[in-house]
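Structural overview for review
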Amino acid sequence: MKLEQMPRYPLLCGFTPLQRMENLEQALGCGPLYIKRDDLTPLGLGGNKTRKLEFLLGDALAGGADTLVTVGGVQTNHGRLTAAAAAKAGLACTLVLDGARPEKLSGNLLLDCLLGASLVYTDGWSTSAVIEETLAALQAAGRAPYFIPEGGSNAVGSAGYLAMVPELLAQADSLPVPPARLVCTMGSLGTFAGLWLGARAFGAPFSVTGVAVNPTTGYTREKAAALVNEMSAAYGLDIAAAPEDIDIIYADAAHDYAGPGYNVPDAKTRGAVELLARTEGIFLDPCYTAKSFRGFCDIARELDGGAIFVHTG
């Protein structure tokens, strides 16, 4: 099936902004630098999952689903946006949260409840087993659940970022210097894989680099290449990726962007938050975007051409 034939539920309202960061250019002594504001998507406080959910929700509705089910950490941003998408489409939503129920609900958990999502905590049990039990219970109750993997990062969800590349190219067409590099956060591979494949499929002038935000991530270059190839086959693109083609910066002796742990920021991560806030008035989060933004800044300093940072929210 070609990408344009994929069922899609509209959640966006046109292009997200592509902004130049002239103050950051001065601070870093390089440029031109741009930021793609996918933190400004209109659903549920915004974020990159909105693009994925357009295709996931379209697929769910095409298959007759009445309930979205997904999984993530207790404060998952993906879960919040899945609950918001379900509410928008008139579906029920169940979130399987990998952890124990806290004594007090806060942050995304409050928003999940406000959006009407049902919350299921793994509480030490096998996450896969809890997912299976949850889906079975919904089916036994006469529901038609549609399961979305962590981060919405499968061939269907990742199509959201494959489809974003023509939007970005249309915006970049008028830039005085074609960007040489695009940098994004790499959490569960979906955003990165979609952008990587899109850059190849649509002839982008930039290469795509992902910055891992978990020092112990299991999302390897091999898995990234496998997802790219699955998408390429599904959408008839005839583009093949090998692990050595995949540019992801993992934590090692030379690159400490991921910090001491997943969702654990360090002083350098907090410094990145301050840098973008005090130069451009844009906020980053300490779990994901501040870590990848640090990598972006180092890459930008080494480039002769321009660079784009994808703010995933």
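Structure's up top.
All values derive from a computational prediction rather than experimental measurement. (Residues numbered from 1 in each chain as written. Predicted model: local features only at pLDDT ≥ 70, side-chain atom pairs only at ≥ 80, totals over all residues. Heavy atoms only, no water.)

Residues Phe192, Leu195 and Ile248 are the most contacted members of the largest nonpolar core, which totals 68 residues. Of all the elements, helix H6 (residues 159-172) adds the most residues to this core, at nine residues. For Phe192, the residues in contact, after removing those within four places along its chain, are Cys184, Met186, Val208, Thr209, Gly210, Ala224, Ile246, Asp247 and Ile248. Judged by nonpolar contacts, the second largest core, of 23 residues, contains Leu24, Leu28, Ala300 and Phe309. (Core = buried A, V, L, I, M, F, W, Y, C linked by side-chain atoms within 4.5 Å. Buried < 20%, exposed > 50% of the residue type's maximum accessible area, 1.4 Å probe, protein only. Helix = DSSP H or I, 4+ residues; strand = E, 2+ residues; numbered from the N terminus. Contact = heavy atoms within 4.5 Å.)

Glancing now at the sheet that holds strand E3 (residues 67-72). With parallel pairing, four strands are arranged side by side in an open sheet as E5-E4-E3-E6. Each of the sheet's edge strands pairs with one partner strand only, and the pair in question is strand E5 (118-121) and strand E6 (145-148). Strand-to-strand twist of the sheet, defined as the mean angle between neighbouring strand axes without regard to direction, takes the value 20°. Strand direction decides the pairing type here: strand E4 (residues 92-97) and E5, joined by four bridges, are parallel. Paired with Thr94 across the bridge in E5 is Ser118. Of the strands in this sheet, E3 and E6 are in contact with helix H2 (residues 49-62), which crosses E6 at around 150°. (Pairing = 2+ DSSP bridges. Axes fitted to C-alpha atoms, helices over the stretch in contact; angles between N-to-C directions.)

Turning to the packing of helix H7 (residues 190-201) against helix H8 (residues 221-234), a few remarks are in order. Look at H7 against H8: their axes get within 9 Å of each other, and the N-to-C directions meet at 55°. For the element pair H7 / H8, the angle class is oblique. Taken as a pair, H7 and H8 cross one another with a handedness that is right-handed. Facing H7, whose interface residues are Gly190, Phe192, Ala193, Gly194, Trp196 and Leu197, H8 presents Ala224, Leu227, Val228, Met231 and Ser232. Taken together, the residues of the contact of H7 with H8 break down into eight nonpolar, three polar and no charged. (Parallel < 35°, antiparallel > 145°, perpendicular 65-115°, else oblique. Left-handed = near helix turned anticlockwise from the far one by under 90°. Nonpolar A, V, L, I, M, F, W, Y, C, P; charged D, E, K, R; others polar.)

All right, on to H8 then. Because an α-helix packs 3.6 residues into every turn, residues spaced three or four apart end up facing the same way. An ideal rise of 1.5 Å per residue puts 20 Å on 14 residues; H8 measures up with 20 Å between its terminal C-alpha atoms. Residues of H8 that are buried: Ala224, Ala225, Leu227, Val228, Met231 and Ser232. Projection of H8 onto a plane perpendicular to its axis shows the buried side chains occupying an angular sector of 160°, all on one side. Pointing more than 90 degrees away from the buried face of H8 are the exposed residues Glu222 and Ala233. Where the residues of H8 are buried, they touch H6, H7 and strand E9 (248-249). One or two positions beyond H8, positive phi appears at Gly236, with a value near 60°. (Expected span 1.5 Å × (residues − 1). Arc of directions from axis to C-beta.)

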